[in-house]
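# Understanding the architecture of this molecule
Chain by chain, the residues:
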Amino acid sequence: MFAINKTKTLIIGLLLVLPIVLLRFFTSLYPMIITFQYSFLNYNLIKGTKVFFAFGNFVNLFRDTNVIGSLEFTFIFTIGSVVLQVIMGILFALMLNVEYRGQRFIRSIALIPWAIPMVVAGIAASWAFQEEYGLVNDILFRVFHIRPLWMVFPFGARAAVILTNVWKGTPFVAIIVLAGLQHIEAEVYESVRIDGASAWIIFWKIILPAIVGVIGVISIFMTLWNISSFDLVYAMTKGGPGVSTSLLSYRVYQEAFSTMNYGYASAIAVVMFFMIAIFAAIAFRMQKRIMS
Amino acid sequence: MARKTKIFIAAVALILISRFIFAGGQKEQAKTDERVVNVYSRHAANPAWEEFSKVFTNNTGIKIIGTDAPASDYGAWVTKTTAMVSSGDDTQDVLHLGEDTIVSFSRAGFLSPVDEAMPPEVLKQFPKAIMEISAAWNNHIWGVPLDSAPFFLFVNKKMFEKAGLKFPKTAEEFISAAKALTKPKEGIYGYGMCAGRGGFLFNEYVRWMMAYNGSYKDWSLPGTREALKFMHDAIHTYGIVSESAVAETYDTMNQKMLDGKFAMIFQWPYIVGFMGDKFGEEFTIIPVPTFKTNKTLNGSWFYSINKAGHNQKEAMELIKFAASKEGQQLLLKPNNNSVARIDVLTDLQTAKINPILKIAGEYAAADSLTPRELDENFNALMENQEAFIQDYLTNTITLDQLMERGNKFTSSLYKK
């Protein structure tokens, strides 16, 4: 009797989760399988080809200077963004953790940059960094009498893209770190202050060890999101000047939607998949070791 | 668990599953006898298009259901239409396509031919160059041109009058006038070059290559090299173009033109809408100065039939109407003061309504207008050539390095 009830419960449970499992299959797993399949084909809609190509696409992409350039900037963009987002996020969280009048209001508006759609942020940023009409240059000119040509040279354009990404992602890191800070009891702060500890000692010996786990996890997620970032570059620079701000995901978009080279685009996507998977595996393993 | 609860849970699960399995791809059925045609076009949000729709419905009994396309972001438009046709989306019957997408989609087999709507007596009313280069392929016609938009040379009349300068007619006069009008400390430049990625630079260098008898498809031509050198010299030698040109988009270039920061720009006719009453008084269009040639681009948009669309017959009726004299006249306003049919262009009434068309006629008469010769390699060429050329314009690579890369890449796409 008990076994029959258990079976019935299981069946009902499976029926209830079936819609979302099917949804997940068709929106995630099935596209992944198809992408893997296409990566082994010479599949070009314009040329009308769809033939088995073995590892040809992979060989070509590692010889393609555009893809190598995109890989390079993806690396720079990810590391630069994550480091700055985490550092700024911690500082911001420490500021939000202090009690003062208007703290609740500041906490609620703090997430606004993160809530803005990335495409909107990208278009706004492309105007903000515009040399003649931009907000950034207006402030710089008033203070330092300089108008850098942000979007003209590779270094400036890369800096503008990374800064915009940092502005966008920092509030999210801050809110997560703040949640970690909230778990440190007030008595702990009081007792170390009584012992005469400086602010730096408090941060280094009390706060940082308490939030290192949170920082580890959020760093991993921010890295994964930044590796696969697409919409900021699409909206802000279209990969230019030259290919200096072209991310790997933007390269996939160009190959798929501009040149309709589905096989090649899929191969780049597969490479991205393995990059992310390997990083995630190593990172979570390290995280486990640190926490233990 | 109570029996009623189990039944309720099972029923909810079944409804969700069946909705998931059977959802999507089903349209609300129109009234039984109502014929409809679904059009994906930037015209759909334009109130001026209502007249066209009304007259078409009155003439044919077919209702137009328009879906707005992202007019201000061409990249997004291309992405959406590509995703639509490549996935076999059957919800749209007629697509509003640019020259590049009609070329790509016709070769990829996403469109139905419109030969039936373009018999010889209709075909001869459209510019031959547009039909041969963009709309025709593999002995079929794949769309009806809706407009013929020259890449005009707009000038700031007041700046020229203040400086006591005549409008340039030759290369030397162009450079000389641009130099005289340039005041870099005030951020004013004689020529506003739009060299940003995403198609803006493509239009710019293709136009200059035409001016020097070069071609973006053949980098072995001397004119191709001369054109690129001129673009670089305009920034770094003559100083008539701002260094920030590679970051320029049409939005920023248009604004700078309106703000009096640029004396001359090449731009599509739509900017006249932003100029408003200032066009004629402060801004005007002048004939293209002769470098090696006096050529400039001529762009077109098309209505084409989505091969996967449900309503093929109704779509063909719309194409026939759009190709007719009446249809083209009604498309004048939605097309931002442009039309493709020659008999409508040269009609005196049309010219009275729209002075831009008169100027377009003058450009045509001077043999300035040339389509961009797009083919199936266009997107690959644009993506890569824009990157090389931006590197050259910012002195990241030399002219010889640019020509080597450009020649190698371009030749690789056309090798047999």
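From a predicted model like this one, the values you see are computed outputs, not experimental measurements.

## Description of the overall build of chain B
Helix and strand counts for chain B come out as 20 helices and 15 strands. Dimensions of chain B, computed from C-alpha atoms along their principal axes, come out at roughly 90 × 55 × 45 Å. Of all intrachain contacts in chain B linking residues separated by at least 6 positions in sequence, the fraction that spans at least 24 positions is 74%. For chain B, the exposed surface amounts to about 18100 Å²; the carbon and sulfur share of it is 53%. Considering chain B, the positive charge centre built from 45 side chains and the negative charge centre built from 47 side chains are found 2 Å apart.

## Some remarks on the interface of chain A and chain B
Listed by partner, the interface residues are 37 residues for chain A and 43 residues for chain B. Contact between chain A and chain B buries roughly 3400 Å² in total, counting both sides, with carbon and sulfur atoms accounting for 67%. The largest share of the area that chain A buries against chain B comes from Ile46(A), Tyr133(A) and Phe257(A), three residues that together contribute 16% of it. Summed over the shared surface of chain A and chain B, the number is two salt bridges. Note that Lys256(B) is salt-bridged to Glu131(A), the shortest N-O span being 3.5 Å. Our enumeration of links across chain A and chain B arrives at 13 residue pairs in polar contact (both at pLDDT 80 or more). Listed by contribution, the elements that provide at least two residues to the side of chain A that touches chain B are α1 (2-39) and α12 (248-258) of chain A.

## A closer look at the pairing of strand β12 (residues 283-286) of chain B
Residues and elements named next belong to chain B. Here β12 shows a buried face lined by Phe283 and Ile285 and a second buried face lined by Thr284 and Ile286. Looking at chain direction, strand β9 (residues 152-156) and β12 are connected through four bridges and run antiparallel. By the bridge assignment, Phe154 is partnered in β12 with Ile285.

## Overview of the packing of helix α6 (residues 118-128) of chain A against helix α8 (residues 154-181) of chain A
Pairs of packed helices are described in terms of their axes, by the angle between the two and the distance that separates them. Residue and element names in this part refer to chain A. Running from N to C, α6 and α8 point in directions that differ by 140 degrees, and their axes come no closer than 11 Å. Relative to α8, the element α6 lies oblique. Seen from above, α6 lies across α8 with right-handed handedness. Residues Met118, Ala121 and Ala125 of α6 form the contact with α8, whose participating residues are Thr164, Asn165, Trp167 and Lys168. Split into classes, the residues belonging to the contact of α6 with α8 amount to four nonpolar, two polar and one charged.

## Observations regarding the sheet that holds strand β8 (residues 149-150) of chain B
Residue and element names in this part refer to chain B. An order of β8-β13-β15 is seen for the three strands of this open sheet, with the pairing classed as mixed. Edge positions in the sheet fall to β8 and β15 (369-370), since each has one partner strand and no second. As paired strands, β8 and strand β13 (residues 296-299) are joined by two bridges and run antiparallel to one another. By the bridge assignment for β13, Pro150 is matched with Asn298. Along the sheet face, helix α9 (residues 200-211) touches β13 and β15 and points at about 125 degrees away from the line of β13.

## Thoughts on the pattern of salt bridges
When the charged atoms of two side chains with opposite charge come close together, those side chains can pair. Residues and elements named next belong to chain B. Under the definition given, this model contains 20 salt bridges over all chains. Put simply, Lys229 and Asp233 hold a salt bridge, and the shortest N to O gap is 2.8 Å. A residue pair is termed a helical-turn pair when its members lie 3 or 4 positions apart in one helix, as Lys229 and Asp233 do in helix α10 (residues 222-236) at four residues. Note on Asp233: relative accessible area 11%, which makes it buried.

## Some details on the confidence of the model for chain B
Residues and elements named next belong to chain B. Scored by pLDDT, chain B has a mean of 89; 93% of the residues are at 70 or more. Every residue in residues 24-30 is under pLDDT 50, and counting partners more than four places away or in other chains gives five contacts. The ipTM, which scores confidence in the relative placement of chains, is 0.83 for this predicted complex, and the corresponding pTM is 0.84.

## Some points on the side chain of Asp391(B)
Positionally, Asp391(B) belongs in helix α19 (residues 378-393). When neighbours within four sequence positions are excluded, Asp391(B) is seen to be in contact with Gly242(A), Thr396(B), Ile397(B) and Arg405(B).

## Points about unusual backbone geometry
One can expect most non-glycine residues to show negative phi and most peptide bonds to be in trans. All names here are of chain A. Here the residue pair Gly240 and Pro241 is connected by a cis peptide bond, since its omega of -5 degrees sits within 30 degrees of zero. Non-glycine residue His145 carries a positive phi angle of around 55 degrees. Relative to the helices and strands, His145 is located in the loop between α7 (135-144) and α8. The class of His145 is exposed, set by a relative accessible area of 59%.

Rules used in this analysis
- Residues numbered from 1 in each chain as written.
- Chains lettered and ligands numbered in written order.
- Predicted model: local features only at pLDDT ≥ 70, side-chain atom pairs only at ≥ 80, totals over all residues.
- Heavy atoms only, no water.
- Helix = DSSP H or I, 4+ residues; strand = E, 2+ residues; numbered from the N terminus.
- Contact = heavy atoms within 4.5 Å.
- Areas by Shrake-Rupley, 256 points an atom, 1.4 Å probe, with all protein chains shown as cover.
- Lys, Arg positive; Asp, Glu negative; His and termini not counted.
- Charge placed at Lys NZ, Arg CZ, Asp CG, Glu CD.
- Buried area = accessible area lost by both parts, 1.4 Å probe.
- Salt bridge = Lys/Arg side-chain N within 4 Å of Asp/Glu carboxyl O.
- Polar contact = N/O pair within 3.5 Å; in protein donor to acceptor, adjacent residues only side chain to side chain.
- Buried < 20%, exposed > 50% of the residue type's maximum accessible area, 1.4 Å probe, protein only.
- Pairing = 2+ DSSP bridges.
- Axes fitted to C-alpha atoms, helices over the stretch in contact; angles between N-to-C directions.
- Parallel < 35°, antiparallel > 145°, perpendicular 65-115°, else oblique.
- Left-handed = near helix turned anticlockwise from the far one by under 90°.
- Nonpolar A, V, L, I, M, F, W, Y, C, P; charged D, E, K, R; others polar.
- pLDDT = per-residue confidence, 0-100.

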